[in-house]
Amino acid sequence: MSGLDLDIEVDDKTAPDYEVSDNVAENLVDVIRSDMVGNEAQFLALNAAYISGLSRRPEEYLQIIVRGKSGEGKTELKQNVDSIYPNHWLLRTGSTSDMGLVDADVWDSKYIGAFAEFQQMQGKMLEMVKSSAGDDADEKGVGFSHTRNVDDGDGGREEEEIEKQAMPTVFLFADENNSEIPKELQTRQMVIRVESDEEI
């Protein structure tokens with residue numbers, strides 16, 4: 001990103017004490033350095049995933065799993081990234097039922113799947129996440145579809161098609177957890193590690 005043309009009017013009392021760099025990554029690193037030690041590359045990777053949700057091209061969406069030991073800063077890192085973006089852009093959910101987000105309308109009004117622990121995903125919800133990768137989206141950007149048989153109101157049954165748009169997703173995954181990331185999902189997700197070591 002370069003050549004940002006920002007038209008900001010300020011007076012001497014409100015003039016910012018920073019400059020917006022032509023390379024926005026420099027500003028993002030300044031942000032994370034004010035809150036955390038290390039994991040700057042991981043912070044930039046998460047921001048890239050979130051920003052990809054603004055693209056109109058699903059094939060540009062990034063899917064990330066943030067791995068690390070308990071207490072190493074996974075949640076803190078993600079919360080720092082979450083705080084940069086408007087709440088109404090983020091789809092945040094922890095534990096949900098098998099069909100919880102399949103039945104909800106909230107999915108398609110969001111830009112980024114900013115989820116909690118991966119282990120809380122199950123059943124159809126996990127299938128939605130697998131299908132949210134942009135490479136799986138059709139020409140309309142739909143990544144997940146589910147057909148269900150519902151009451152037609154006249155005593156009969158009819159098919160109802162549920163479609164969900166593809167979107168970038170971010171999950172946390174603790175090393176101590178006994179569960180495994182399904183291989184099919186591993187091929188769609190980039191794994192980044194968070195460490196408390198200041199050298200990382």
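So, here is what we can say about the structure in this document.

Cut-offs and rules
- Residues numbered from 1 in each chain as written.
- Predicted model: local features only at pLDDT ≥ 70, side-chain atom pairs only at ≥ 80, totals over all residues.
- Heavy atoms only, no water.
- Helix = DSSP H or I, 4+ residues; strand = E, 2+ residues; numbered from the N terminus.
- Patch = residues over 30% accessible without salt bridge, like charges linked within 9 Å, V, L, I, M, F, W, Y side chains within 5 Å.
- Areas by Shrake-Rupley, 256 points an atom, 1.4 Å probe, with all protein chains shown as cover.
- Salt bridge = Lys/Arg side-chain N within 4 Å of Asp/Glu carboxyl O.
- Buried < 20%, exposed > 50% of the residue type's maximum accessible area, 1.4 Å probe, protein only.
- Axes fitted to C-alpha atoms, helices over the stretch in contact; angles between N-to-C directions.
- Parallel < 35°, antiparallel > 145°, perpendicular 65-115°, else oblique.
- Left-handed = near helix turned anticlockwise from the far one by under 90°.
- Contact = heavy atoms within 4.5 Å.
- Nonpolar A, V, L, I, M, F, W, Y, C, P; charged D, E, K, R; others polar.
- Phe/Tyr/Trp six-rings, centres within 6.5 Å; stacked < 30°, edge-to-face > 60°.
- Pairing = 2+ DSSP bridges.

What follows is about the environment of S131. Among the secondary structure elements, S131 is positioned in helix α5 (residues 123–131). For the pair S131 and L185, spaced 54 residues apart in the sequence, the C-alpha separation amounts to 9.2 Å.

Before going further, it helps to spend a moment on a nonpolar patch on the surface. Where nonpolar side chains cluster on the molecular surface, the patch consists of I51, L54 and Y111 and spans about 250 Å² of accessible area. You can see L54 is positioned in the loop between α2 (40–52) and β1 (63–68). Its relative accessible area of 42% is what places L54 among the partly exposed residues.

Bringing the pattern of salt bridges into the picture now. Considering all chains together, one arrives at 7 salt bridges under this definition. For R92, the salt bridge identified is with D82, shortest N-O distance 3.6 Å. Remark: D82 occurs in helix α3 (residues 74–82) and R92 occurs in the loop between β2 (90–91) and α4 (100–103); sequence separation between them is 10 residues. Of the residues examined, D82 reaches a relative accessible area of 5% and is grouped as buried.

Here we come to the packing of helix α1 (residues 24–33) against α2. Their axes nearest at 10 Å, the elements α1 and α2 cross at an angle of 120°. With respect to each other, α1 and α2 are oriented oblique. Relative to α2, α1 is oriented so that their crossing is right-handed. Between α1 and α2, the residues in contact are A25, L28, V29, V31, I32 and R33 and E40, F43, L44 and N47, respectively. A per-class count over the contact of α1 with α2 returns 7 nonpolar, 1 polar and 2 charged.

This paragraph deals with the packing of aromatic side chains. Considering all chains together, one arrives at 4 aromatic pairs under this definition. Seen in terms of ring centroids, Y50 and Y85 are 5.2 Å apart; in terms of plane orientation they differ by 45°. Their pairing is tilted. Of this pair, Y50 sits in helix α2 while Y85 sits in the loop between α3 and β2, and the two are 35 residues apart along the sequence. When its relative accessible area of 11% is taken as the criterion, Y85 is described as buried. A centroid spacing of 4.9 Å and a plane angle of 20° characterise the contact between F115 and F171, whose relative ring orientation is stacked. Highlighted residues: F115 in strand β3 (residues 112–117) and F171 in strand β6 (residues 169–174), separated in sequence by 56 residues. Accessibility expressed as a relative area gives 0% for F115, which makes it buried. Exposure remark for F171: the relative accessible area of 0% places this residue in the buried category. Connected via pairs of aromatic rings, a cluster forms that spans Y50, Y85, W89 and Y111.

Moving on, we get to the packing of α2 against α3. Between α2 and α3, the shortest axis-to-axis distance is 10 Å and the interhelical angle comes to 45°. What the angle tells us is that α2 and α3 run oblique. The chirality of how α2 crosses α3 is right-handed. Of the residues in α3, those touching α2 at Q42, F43, L46, N47 and Y50 are L77, K78, N80, V81 and D82.

In this section: the pairing of β3. Pairing analysis gives 2 bridges linking β2 to β3, with the strands arranged parallel. If you follow L90 over to β3, its bridge partner there is I112. Bridge analysis of β3 against β6 gives 3 bridges, and the strand direction is parallel. When the bridges of β6 are listed, E117 appears paired with L172.

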